[in-house]
Amino acid sequence: MCACVREVGRMWRGEPLSHIQTQTPIVLHSRVDRNPDRTDRRKEKRKMVKQVVRIHVGMLFLALGLHLGAAAAAMLKGDKAQDGSGGGDTISHSLTLVQRLEALLAQGNGSDVSLRVETPSADEVKVIQSHSLVLSLQSPVFEEILVSRNGSTLVLKESSDCAAVFDKFIRYLYCGELSLRLDQAIPLHKLATKYQVMGLQQGITQYMSQNVARESSSGHVAGWYEYALQAGDVTLRDSCLQFMAWNLSSVLRSGEWVTISSQLLMSLLQRSDLVLQSEMELFAALEAWIIQNEPDGLTAENALRAVRYAMMPPRELFRLQTQSSVLARYQESVRDLLYMSYQFHSASPLAMAKYFDVNCSLFMPRNYLSSVWGSAWIISNPSRDDRSTSFQTQLGPSGHDSSKRVTWNAMFSPRWLPLSMRPMYTETGAMQPTRVDGGSPRIIITPATSSADFAGVNFQKTVLVMAQQHGKVVVKHVYNFHQSTEENGDFLAEADLYRRTSEYLIDSSLFLHIVVKPLYQTLLTSKN
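On a predicted model such as this, the values are computed, not experimentally measured, just so you know.

(A) Main features of the overall build of the protein chain. A count of helices and strands for the protein chain gives 19 helices and 15 strands. By the burial criterion, 42% of the 528 residues in the protein chain qualify as buried. Within the protein chain, contacts between residues at least 6 apart in sequence are counted, and of these 66% link residues at least 24 apart. Total accessible area on the protein chain is roughly 27600 Å²; 51% of this is exposed by carbon and sulfur atoms.

(B) Layout of the packing of aromatic side chains. Summed over the entire model, instances satisfying the criterion amount to ten aromatic pairs. Ring geometry for Phe318 versus Tyr342: centroids 5.3 Å apart, planes at 20°, classification stacked. With Phe318 in helix 17 (residues 314-323) and Tyr342 in helix 18 (residues 325-346), this pair connects stretches of sequence that are 24 residues apart. Each ring, one from Phe344 and one from Tyr520, has its centre 5.8 Å from the other, and the planes form 75°; the classification is edge-to-face. Of this pair, Phe344 sits in helix 18 while Tyr520 sits in strand 15 (residues 509-520), and the two are 176 residues apart along the sequence. Here the two residues Phe344 and Tyr520 agree in accessibility, since each one is buried. Clustering of aromatic rings is evident, with ring pairs tying together Phe142, Phe166, Phe169 and Tyr195.

(C) Focus on unusual backbone geometry. Although it is not a glycine, Leu492 adopts a positive phi angle of roughly 55°. Not every positive phi belongs to a glycine, and Asp507 is a case in point at roughly 55°. Mapped onto the secondary structure, Asp507 falls in the loop between strand 14 (505-506) and strand 15.

(D) Examining the layout of surface pockets more closely. By volume, the second largest pocket amounts to about 350 Å³. Considering the residues around the second largest pocket, the lining is formed by 19 residues, among which Met311, Met312, Pro313, Val372 and Trp373 are closest to the centre. Residue assignment for the lining of the second largest pocket shows that the elements contributing at least two residues are helix 15 (279-293) and helix 17. In terms of residues, the lining of the second largest pocket owes the most to one element, helix 17, which gives three residues.

(E) Seen up close, the environment of Ala103. Counting through the fold element by element, Ala103 comes out in helix 4 (residues 94-107). Between the C-alpha atoms of Ala103 and Cys175, which are 72 residues apart in sequence, the distance is 9.9 Å.

(F) The arrangement of the pattern of salt bridges in detail. Tallied over the full model, the rule gives 21 salt bridges. For Glu158, the salt bridge is made with Lys194, and the minimal N-O distance between the two is 2.9 Å. On the criterion of sequence distance, the pair formed by Glu158 in the loop between strand 3 (153-157) and helix 7 (160-164) and Lys194 in helix 9 (residues 185-194) is long-range, its members being 36 residues apart. Taking relative accessible area as the criterion, Lys194 reaches 41% and is therefore assigned partly exposed. Glu177 is the partner of Arg171 in a salt bridge, and the nearest nitrogen-oxygen pair spans 3.7 Å. Overlapping salt bridges bring together Glu102, Arg171 and Glu177 as one network.

(G) Region of interest: the environment of Asn359. Mapped onto the fold, Asn359 is located in the loop between helix 19 (349-352) and strand 5 (367-368). Along the primary structure Asn359 and Gln521 are separated by 162 residues, whereas in three dimensions their C-alpha atoms are 6.5 Å apart.

(H) Up close: the sheet that holds strand 1 (residues 113-118). Strand order in this open sheet of three strands is 2-1-3, and the pairing throughout is mixed. Taken across any chain shown, the strands that pair with only one partner, and hence form the sheet edges, are strand 2 (125-130) and strand 3. Ignoring which end each strand starts from, the neighbouring axes of this sheet average 20° apart. Its contacts with the sheet place helix 8 (residues 166-175) against strand 1, strand 2 and strand 3, and it is angled at close to 10° to strand 2.

(I) Up close: the nonpolar core. Judged by nonpolar contacts, the single largest core of 129 residues is most densely connected at Leu115, Phe142, Phe166, Phe169, Ile170, Tyr309 and Leu510. For Leu115, the residues in contact, after removing those within four places along its chain, are Lys126, Val127, Ile128, Ser130, Leu135, Phe142, Leu154, Leu156, Phe166 and Ile170.

(J) A look at the packing of helix 14 (residues 262-269) against helix 15. Contact geometry of helix 14 with helix 15 gives a least axis separation of 13 Å together with a crossing angle of 165°. Between helix 14 and helix 15, the crossing angle belongs to the class labelled roughly antiparallel. When the axes of helix 14 and helix 15 are compared, the crossing they make is left-handed. Note on element contacts: helix 15 touches helix 14 through Leu282, Leu286 and Trp289, opposite Ser262, Leu265 and Leu269.

(K) Examining helix 17 more closely. Taken as a whole, helix 17 has its buried residues at Glu316, Leu317 and Leu320. For helix 17, the arc enclosing every buried residue in end-on projection is 100°, short of the 170-degree limit, so these residues lie on one face. In this structure, helix 17 carries Arg315, Thr322 and Gln323 as exposed residues pointing more than 90 degrees from its buried face. Against the buried residues of helix 17 lie helix 15 and helix 18.

(L) Region of the structure containing helix 11 (residues 221-231). Listing the buried residues of helix 11 in full gives Val221, Ala222, Trp224, Tyr225, Tyr227 and Ala228. Against the buried residues of helix 11 lie helix 9, helix 10 (198-210), helix 12 (234-246) and helix 14. Downstream of helix 11 by one or two residues, Gly232 has phi in the positive range, about 75°.

(M) Up close: the packing of helix 10 against helix 12. Contact geometry for helix 10 and helix 12: axes closest at 9 Å, N-to-C directions at 5°. By the angle class used here, helix 10 and helix 12 are roughly parallel. On the side of helix 10, the interface is formed by Thr205, Met208 and Ser209, while helix 12 contributes Thr235, Leu236 and Ser239. A class-by-class count of the residues in the contact of helix 10 with helix 12 yields two nonpolar, four polar and no charged.

(N) Quick peek at the confidence of the model for the protein chain. Here the protein chain averages 81 in pLDDT, and 78% of its residues register 70 or above. Segment residues 1-36 is flagged for pLDDT under 50; beyond a separation of four residues in sequence, or across chains, it makes 43 contacts in the model. Segment residues 48-83: pLDDT under 50, and 37 contacts once partners within four positions in sequence are set aside and those in other chains are kept.

Calculation criteria
Within every chain, residues take consecutive numbers counted from 1 along the sequence as written. Only residues with pLDDT of at least 70 get local features here, since the model is predicted, and only at 80 or more are side-chain atom pairs given and counted; chain-wide, interface and lining totals rely on the full set of residues. Derived side-chain values reflect all non-hydrogen atoms in the structure, with water molecules and hydrogen atoms excluded from consideration. Secondary structure follows DSSP: runs of H or I at least 4 residues long count as helices, runs of E at least 2 residues long count as strands, and numbering of each begins at the N terminus. Exposed residues in this analysis have more than 50% of their type's maximum accessible area, buried residues have under 20%, and partly exposed residues fall in between, with area computed by a 1.4 Å probe over protein chains only. Contacts were defined at the residue level, with two residues in contact if any of their heavy atoms lie within 4.5 Å. Here the open area of atoms and residues is found with the Shrake-Rupley method and a 1.4 Å probe, where only the protein chains shown may cover a residue. Each Phe, Tyr or Trp ring, with Trp reduced to its six-membered ring, pairs with another whose centre is within 6.5 Å; inter-plane angles below 30 degrees give stacked pairs, above 60 give edge-to-face pairs, and intermediate values give tilted ones. Here a cavity denotes grid points, spaced 1 Å and computed from the protein atoms alone, that fit a 1.4 Å probe unable to get out, and a pocket denotes an open set having protein on both sides within 12 Å along at least 5 of 7 lines; residues with an atom within 4 Å of a point are the lining. Grid points are joined across faces, edges and corners, and a volume is the space filled by probe spheres set on the points. Throughout this description, the term salt bridge denotes a Lys or Arg side-chain nitrogen within 4 Å of a carboxyl oxygen of Asp or Glu. A pair of strands is treated as paired once DSSP finds two or more bridges between them. Axis definition: a line fit to C-alpha positions, over the contact stretch in the case of helices; interaxial angles, taken between N-to-C directions, run 0 to 180 degrees. Here the nonpolar core consists of buried residues drawn from Ala, Val, Leu, Ile, Met, Phe, Trp, Tyr and Cys, with membership extended through side-chain atoms lying within 4.5 Å. For classification, angles of less than 35 degrees are called roughly parallel, those exceeding 145 degrees roughly antiparallel, those between 65 and 115 degrees roughly perpendicular, and all remaining angles oblique. A clockwise turn of the near helix away from the far one marks a right-handed crossing, whereas an anticlockwise turn of less than a right angle marks a left-handed crossing. By arc we mean the arc of the directions from the helix axis to the C-beta atoms, nothing more. Throughout, the ten residues Ala, Val, Leu, Ile, Met, Phe, Trp, Tyr, Cys and Pro are labelled nonpolar, Asp, Glu, Lys and Arg are labelled charged, and all others, Gly among them, are labelled polar. Here pLDDT means the predictor's own confidence in every residue, given as a number from 0 to 100.

Here's what the structure looks like:
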């Protein structure tokens, strides 16, 4: 045992190892070869390899204990002399341990396995000197491979992108950390998934979810979504899809837009919570996608039928029919939608609701940022006191209502309390003790006046909450309600408006955008 300790000590100090240690695995393997029965020999081999791993584990931790023991013992003695209670102090040399593991990997001292990483075309080969102990502890896949190996070299077939970052992956197994770029996230996630390194897999998923807003030359969110869909990572898939839906205008302007798959395209087109300037902006981007990708006829038709033409003014519909090459090619596929849109603009929504189903998506607005449908609202020092504002929107998207306006009053309260939690007063005016602490932010939006034009219309209010991520202003949350955000129960629940460094505050201000969406009620009567 003393000889083993000396040998491991040499390994950690970077000194050359003796002949005895390097021959130990060979002696163990030679004992297995003496068994004439093949099945028993295989079992014995696995057993002996596991014994080797256990021996290495004991040697490693014993060596670490001897190396760090002197300094630790001195510190422990000092603590006991100062505190006779025996204490609960903690001494940590974890940083030193990580540094020595990193040096162990870099120098290859005591390596008992060589990882030969090859690409399918074999045009790139990378050899990494490693240690079966570390690999087995960190990855159950490596543990199984090492138990059944026949030599000191493992040949691993990896794709080119995974081979390029394999050294980073191995370094994580030794040090528990790595640095990466946006373009390295997917191959590292692939390796973590393949070798079942769950901590790294979850860490990269979190990294990707937190970096969807980061700028990149060619875009990366759509690529991450496609990968998450393939890998079955629901958390990452939903994070990417939500970001694209709530920040669609920036996605449409990126070079990544024309490269997205038809599946992702349809997933976005079918959503009502898309945040963009107008339906015309969406059609222009779809037209560019069709021209670039030249999809089959059915895919193009389904995509064009997902556009909400009724949300476009009649003059824009006329322009599309005369100038759009894509619409000219597929006009027969959307003729019925264009016809219903023209009808929608020519009659009052109340009259049309008696004959058509106006609850379908064609007549449902998305979250348009145009001033026709809402207003931006910047609240400086939002934790200070209540604020209010007024703005106007068009009564509805129908051409029949294009000249009608509705004035809205909005009030923001940073510390609103329900009635049951407000201070109570007796008949003599004395305040009764009650729960007055806390309170949560709330917005109330109501029309300044009532009108007969409101008949048959429900006004859905949507508040877009902006945040600053990686120097970029993005939509962080979307809240839908009828009159008050109290209906949601979680409005700005995660935002600490009292902390000046909160990501919800941009230059000490809360950036909101209010959208008012008219939703029509169908007045169809069932036929007997």
